[in-house]
Amino acid sequence: MLRHAWHKGAVRRQQEEPLTANFPIDLATALWLGFTGACIGSFLNVVAYRMPLGMSIVWKPSHCPRCQHTIRARDNVPVLGWLWLRGKCRDCAEPISPRYAIVEAMMGAAFFVLAYVELFSGGANLPGGPILPWTGALDNVWNPLWPVIGVYAYHCTLLSFLMCVALIDQDRRRVPLRLLLFAGVVAICCAATFEFLYPLRGWTGLSSNVQAIVDAGVGAFTASLFGLTIVLLGATALRLSEQAKRHVHATNCGTAIAGGFLGLKAALVLWLLWGIGVAVVRLRNKKPERQYLSILWPLWFASLGLVLFWQQIADFLPL
Ligand SMILES: [Zn+2]
């Protein structure tokens, strides 16, 4: 069924000779995608800060919160800008949190690794993959195979949404409803249009177009229930203060987005991986009051890990 979805792309390529694998072009393409990821990370830092405060995301350029000077374009380069400023504002020497650079580096690294594992391999990481036999950047990106590029972009979008929710939760702010709605609309539209984005189908016996939407909806719902369970098992939510409610809400948003983007079966696996991640964070973070660490960070890593090793995980678990 999966191969059927890529049929059009495959037929188009049938007469074409595969281009020879080219290491420099692969590396250059992956670095370019990684840089794009870092820029998106930089943008997410801004979104996560401004959106819960109701500020405009695009209208005002980035500025120093203390001296109000606009950040110069050359200092705004992801990761590198922070490094050559040595973490201080150029005008008033106010320290800039390393978090900005870390988020940019995380997004850049995720886009870079995913480029090799998913995009250049023709989807070899997906259950039932590789979906198309062509490998390398030349054959997948520069001679575009849209289904493979689509899956890559889809998973990068998921990681961007999760990063944004995790950052907002880390700041102990409330995740705006419009962010959740926006992510939901993206997931449902993608599910309705490109059914092949869900390589691992749920158990419903529906026609594939309908099932993709059901997968997204059921995945989102189940995952958010799981999210609720994990939060309630954790100590923070037992005293349901305003703050704890905000964390529960953020966790629900994050898990619903992940479930909606990945589908029901993937949500079940994700829950398992994430549970392990949360346990590790709880064990390592002995004083959660002093240094709060959002449990959405393990969810971000679990989602990346699931996408990277999806085929191996699906083979290993009896789903
Ligand atoms: Zn300043």
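Residues numbered from 1 in each chain as written. Predicted model: local features only at pLDDT ≥ 70, side-chain atom pairs only at ≥ 80, totals over all residues. Heavy atoms only, no water.

Colleague: Where do I start with the overall build of the protein in this structure?
Modeller: A tally of helices and strands in the protein yields 13 helices and zero strands. Every one of the 319 residues in the protein was classed for burial, and the buried ones make up 47%. For the protein, the share of sequence-separated contacts (at least 6 apart) that also reach a separation of at least 24 residues comes to 70%. Looking at the protein as shown, the accessible area adds up to about 16000 Å², and 68% of this sits on carbon and sulfur atoms. (Helix = DSSP H or I, 4+ residues; strand = E, 2+ residues; numbered from the N terminus. Buried < 20%, exposed > 50% of the residue type's maximum accessible area, 1.4 Å probe, protein only. Contact = heavy atoms within 4.5 Å. Areas by Shrake-Rupley, 256 points an atom, 1.4 Å probe, with all protein chains shown as cover.)

Colleague: Is there a simple way to explain the pattern of salt bridges in this structure?
Modeller: Opposite charge on two side chains permits them to pair, given that their charged atoms come into close proximity. For the coordinates displayed, the defined rule picks out five salt bridges. Put simply, R66 and E94 hold a salt bridge, and the shortest N to O gap is 2.9 Å. Here E94 lies in the loop between α4 (80-84) and α5 (98-119) and R66 lies in the loop between α3 (23-50) and α4, a separation of 28 residues in the sequence. Notably, a salt bridge pairs D171 with R99, separated by 2.7 Å at the nearest N-O pair. (Salt bridge = Lys/Arg side-chain N within 4 Å of Asp/Glu carboxyl O.)

Colleague: Help me understand the layout of surface pockets in this model?
Modeller: Once rolled over the atoms, a probe with the size of a water molecule shows which space is left empty. Quantified by volume, the largest pocket comes out at close to 780 Å³. Put simply, the parts of the chain that give the lining of the largest pocket at least two residues each are α3, α4 and α5. The biggest single contributor to the lining of the largest pocket is α3, with six residues. Along its surface, the second largest pocket is lined by 14 residues, and F43, L44, F161, L179 and F182 are the ones closest to its centre. When residues of the lining of the second largest pocket are traced back to their parent elements, those giving at least two are α3, α7 (146-170) and α8 (177-193). Here the residues of the lining of the second largest pocket sort into 11 nonpolar, two polar and one charged. (1 Å grid on protein atoms, 1.4 Å probe; cavity = no way out; pocket = protein on both sides within 12 Å on 5 of 7 lines; lining within 4 Å. Points joined across faces, edges and corners; volume = space filled by probe spheres on them. Nonpolar A, V, L, I, M, F, W, Y, C, P; charged D, E, K, R; others polar.)

Colleague: Even after reading the chapter, I still don't get the packing of aromatic side chains, so can you show me in this structure?
Modeller: Here a ring pair, both rings aromatic, is described through the centre-centre distance and the interplanar angle of the planes. Counted under the stated rule, the structure contains eight aromatic pairs. With a centroid separation of 5.2 Å and 75° between ring planes, the pair formed by Y116 and F120 is classed as edge-to-face. Look at F161 and F182: their rings are 5.6 Å apart centre to centre, the planes differ by 70°, and that puts the pair in the edge-to-face class. Of this pair, F161 sits in helix α7 while F182 sits in helix α8, and the two are 21 residues apart along the sequence. (Phe/Tyr/Trp six-rings, centres within 6.5 Å; stacked < 30°, edge-to-face > 60°.)

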